[in-house]
Amino acid sequence: MEFGDVSCLCLLDLSAAFDTTDHDILTTCLSSWFGIHGPVYSWFKSYLSSRCFCVNCETDLSFWYISSGDVPQGSVLGPLLFVLYTTPLSTLISSCSLNHHLYADDTQLFLSFFPTQLDSSIDHLHTALDRISSWMTANLQSSKTEFSAHWAQ
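**Details of the overall build of the protein chain**
For the protein chain, the helix and strand inventory stands at 5 helices and 7 strands. Taken from N to C terminus, the helices and strands of the protein chain fall in the order β-α-α-β-β-β-β-α-α-β-β-α. The proportion of buried residues among the 153 residues of the protein chain is 33%. The contacts of the protein chain with a sequence gap of at least 6 include a subset with a gap of at least 24, amounting to 66%. When the accessible surface of the protein chain is summed, it comes to about 9600 Å², and 57% of that surface belongs to carbon and sulfur atoms.

Here it is, written out as C-alpha cells:
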C-alpha cells in the first residue's frame with residue numbers, strides 16, 4: 001500500500017475439511033512427498049485404516065461407526081496429517097505466483113498489484129482458483145465439502 005499497490009485477499013474455508021481426506025491419497029503423499037516408508041509408513045496405514053468408534057453418554061452406548069475417509073479430529077496427528085495432505089496444494093498455489101498461508105483447513109491467498117493491473121490480476125486469480133478447484137475436486141472427497149467463489153468488485 002505504501003507504494004500505491006492494491007492488495008487482494010481471497011479466503012478459502014473448507015467445511016468438514018478433516019472429513020474430506022482420502023486415505024490412499026494421504027498415504028501416497030506421505031510416501032512420495034515426505035519419504036515415509038517401512039515400519040513408519042505401515043504404522044500410518046494402520047492408524048488410518050479400519051478405525052471405529054462409538055459414543056458413550058452416561059450409560060448409553062451408540063452403535064459402532066467405522067471411519068473410512070478422514071483424519072481423526074481432536075487428535076494431535078489430525079491437523080498435522082491434513083497439512084501434510086494439502087502440501088501439494090501449497091505447491092500448486094506457489095506455481096500460480098500467489099502468496100498464501102495454509103492453516104489446516106483455512107487457506108489465504110493474497111496478491112498485490114498496481115491499480116492499472118486490476119483486470120489482468122483478477123483474471124490471474126480466476127485462473128488460479130480454477131486450478132485450485134480442480135485440485136480440490138480430484139483430492140478431497142467432494143461429497144463432503146463445497147467449493148464456491150463469490151466476487152465483489
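So much for the structure itself; the text now carries on.
**So, the packing of aromatic side chains**
What the rule picks out here adds up to 3 aromatic pairs. Considering the side-chain rings of W43 and Y47, the 5.3 Å spacing of their centres and the 10° angle between planes classify their relative orientation as stacked. Here Y47 and W43 lie together in helix α2 (residues 38–48), a separation of 4 residues that amounts to about one turn. One aromatic cluster is present, built from ring pairs that chain together W43, F44 and Y47.

**Some thoughts on the side chain of T86**
Residue position: T86 is located in the loop between α3 (77–85) and α4 (87–95). Look at T86 and you get buried, because its relative accessible area is 4%.

**Some details on unusual backbone geometry**
Unlike most non-glycine residues, E58 shows phi in positive territory, near 55°. Within the fold, E58 resides in the loop between β3 (56–57) and β4 (60–61). Even without being glycine, S97 reaches a positive phi, approximately 60°. Judged by its relative accessible area of 56%, S97 is exposed.

**Section: the nonpolar core**
L98, L109, I132 and M136 are the most contacted members of the largest nonpolar core, which totals 30 residues. Taken together, the elements giving at least two residues each to this core come down to β1 (6–13), α1 (23–32), α2, α3, α4, β7 (106–113) and α5 (118–139). Top element by residues in this core is α5. It accounts for 6 residues.

**Topic: the sheet that holds strand β6 (residues 99–103)**
Strands sit in the order β1-β7-β6 across an open sheet of 3 strands; the sheet is antiparallel. Of all the strands in the sheet, just β1 and β6 have a single pairing partner and so form its edges. Taking each pair of neighbouring strands and ignoring which way they run, the sheet shows an average axis angle of 15°. Here β1 runs beside β7; their pairing, made up of 8 bridges, is antiparallel. Looking at β7, one finds that L12 is bridged to T107. In the packing of α4 onto the sheet, the strands contacted are β6 and β7, and the crossing angle to β6 comes to about 165°.

Definitions and cut-offs
Residues numbered from 1 in each chain as written. Predicted model: local features only at pLDDT ≥ 70, side-chain atom pairs only at ≥ 80, totals over all residues. Heavy atoms only, no water. Helix = DSSP H or I, 4+ residues; strand = E, 2+ residues; numbered from the N terminus. Buried < 20%, exposed > 50% of the residue type's maximum accessible area, 1.4 Å probe, protein only. Contact = heavy atoms within 4.5 Å. Areas by Shrake-Rupley, 256 points an atom, 1.4 Å probe, with all protein chains shown as cover. Phe/Tyr/Trp six-rings, centres within 6.5 Å; stacked < 30°, edge-to-face > 60°. Core = buried A, V, L, I, M, F, W, Y, C linked by side-chain atoms within 4.5 Å. Pairing = 2+ DSSP bridges. Axes fitted to C-alpha atoms, helices over the stretch in contact; angles between N-to-C directions.

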